[in-house]
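# Chain and residue survey
Next come the chains, spelled out residue by residue.
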Amino acid sequence: MEDREIVNLYWERNSNAIKETASKYGGYCKTIAKNILGNNEDAEECVNDTYLNTWNSIPPNRPNILSTYLGKITRNLSFDRFRHRHADKRSGGEIELVLDELGECVSGADTVEQEVEKKELVRAINSFLDTLSQEKCNIFLCRYWYAIPVSEIATHFGMTEGNVSVTLNRIRGKLKTYLIERGYL
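Let me begin by describing the structure that accompanies this report. (Residues numbered from 1 in each chain as written. Predicted model: local features only at pLDDT ≥ 70, side-chain atom pairs only at ≥ 80, totals over all residues. Heavy atoms only, no water.)

Attention shifts here to the nonpolar core. Ranked by size, the top nonpolar core spans 25 residues in total, and within it Tyr-10, Ile-36, Leu-37, Ile-58 and Leu-66 carry the most contacts. Where this core is concerned, the elements lending two or more residues are helix 1 (3-11), helix 2 (16-37), helix 3 (40-57) and helix 4 (66-85). In contact with Leu-37, not counting residues within four places along its chain, are Asp-42, Ala-43, Cys-46, Ser-78, Arg-81 and Phe-82. Judged by nonpolar contacts, the second largest core, of 23 residues, contains Leu-132, Leu-168, Leu-175 and Leu-179. (Core = buried A, V, L, I, M, F, W, Y, C linked by side-chain atoms within 4.5 Å. Buried < 20%, exposed > 50% of the residue type's maximum accessible area, 1.4 Å probe, protein only. Helix = DSSP H or I, 4+ residues; strand = E, 2+ residues; numbered from the N terminus. Contact = heavy atoms within 4.5 Å.)

Right, let's get into the packing of aromatic side chains. Applying the stated criterion across every chain, the model contains six aromatic pairs. By the ring-pair criterion, three or more aromatic residues cluster together here, those being Tyr-25, Tyr-28, Trp-145 and Tyr-146. The ring centre of Tyr-178 lies 3.5 Å from the NZ or CZ of Arg-182, which sits over that ring. (Phe/Tyr/Trp six-rings, centres within 6.5 Å; stacked < 30°, edge-to-face > 60°. Lys NZ or Arg CZ within 6 Å of the ring centre and 35° of its normal.)

Attention now goes to the environment of Leu-66. On the secondary structure map, Leu-66 appears in helix 4. Residues Leu-66 and Tyr-25 lie 41 residues apart in sequence; the distance between their C-alpha atoms is 9.1 Å. The contacts of Leu-66, once residues within four sequence positions are left out, are Asp-3, Ile-6, Val-7, Tyr-25 and Ile-58.

Those residues of helix 8 (residues 150-157) not exposed but buried are Val-150, Ile-153, Ala-154 and Phe-157. Seen along its axis, helix 8 keeps its buried residues to an arc of 100°; they face one direction. Facing away from the buried side of helix 8 by more than 90 degrees, the exposed set consists of Thr-155 and His-156. Just downstream of helix 8, Gly-158 is the residue with a positive phi angle, here 65°. (Arc of directions from axis to C-beta.)

Another point: the packing of helix 2 against helix 3. Relative orientation of the contacting elements helix 2 and helix 3 amounts to 135°, with a least axis distance of 8 Å. Here helix 3 runs oblique to helix 2, going by the angle between their axes. Both helix 2 and helix 3 take part in a crossing whose hand is right-handed. Seen from helix 2, the contacting residues are Ala-17, Ile-18, Thr-21, Ala-22, Gly-26, Cys-29, Lys-30, Ala-33, Lys-34 and Leu-37; seen from helix 3, they are Asn-40, Asp-42, Ala-43, Glu-44, Cys-46, Val-47, Thr-50, Tyr-51 and Trp-55. Along the lines of polarity and charge, the residues of the contact of helix 2 with helix 3 split into 11 nonpolar, four polar and four charged. (Axes fitted to C-alpha atoms, helices over the stretch in contact; angles between N-to-C directions. Parallel < 35°, antiparallel > 145°, perpendicular 65-115°, else oblique. Left-handed = near helix turned anticlockwise from the far one by under 90°. Nonpolar A, V, L, I, M, F, W, Y, C, P; charged D, E, K, R; others polar.)

Right, dumping it as structure tokens:
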């Protein structure tokens, strides 16, 4: 079923929308959640929460790209669950590495002023990503959007883990410089 048709089912409040979403995007959402959370049970719960949040947000929203819309919901729910489960301890898992790696470039929104500037920062990061080659942009997104381990990125792109790590380090350095030049750091 086409995305447009699935979105129309949500607008019609037809419960088949969830079934069609699960059929087409269940694996995609579970992969995102599992990369962030590290276990199947939490990932399944987040995917189910994704369906509920999607049901509650369409309408009024009418996403143009359903996969991106679902991915963002899944990712946000997964990070919320991760933070909740690890509030008092450091797990040392993949997501900790991802957050630590990006921490040198972008810090969390801790103040009201930072929260207000969040959308501008997102635009700046997207503009930065537009300056990268397609491959480097994809490597960056695999690591920092989908939280895919370096070893899997290396396999997917036919690179060594060291090469992926160096590439990510260089991109983070360029991102940091880019953000400094624009007054974000």
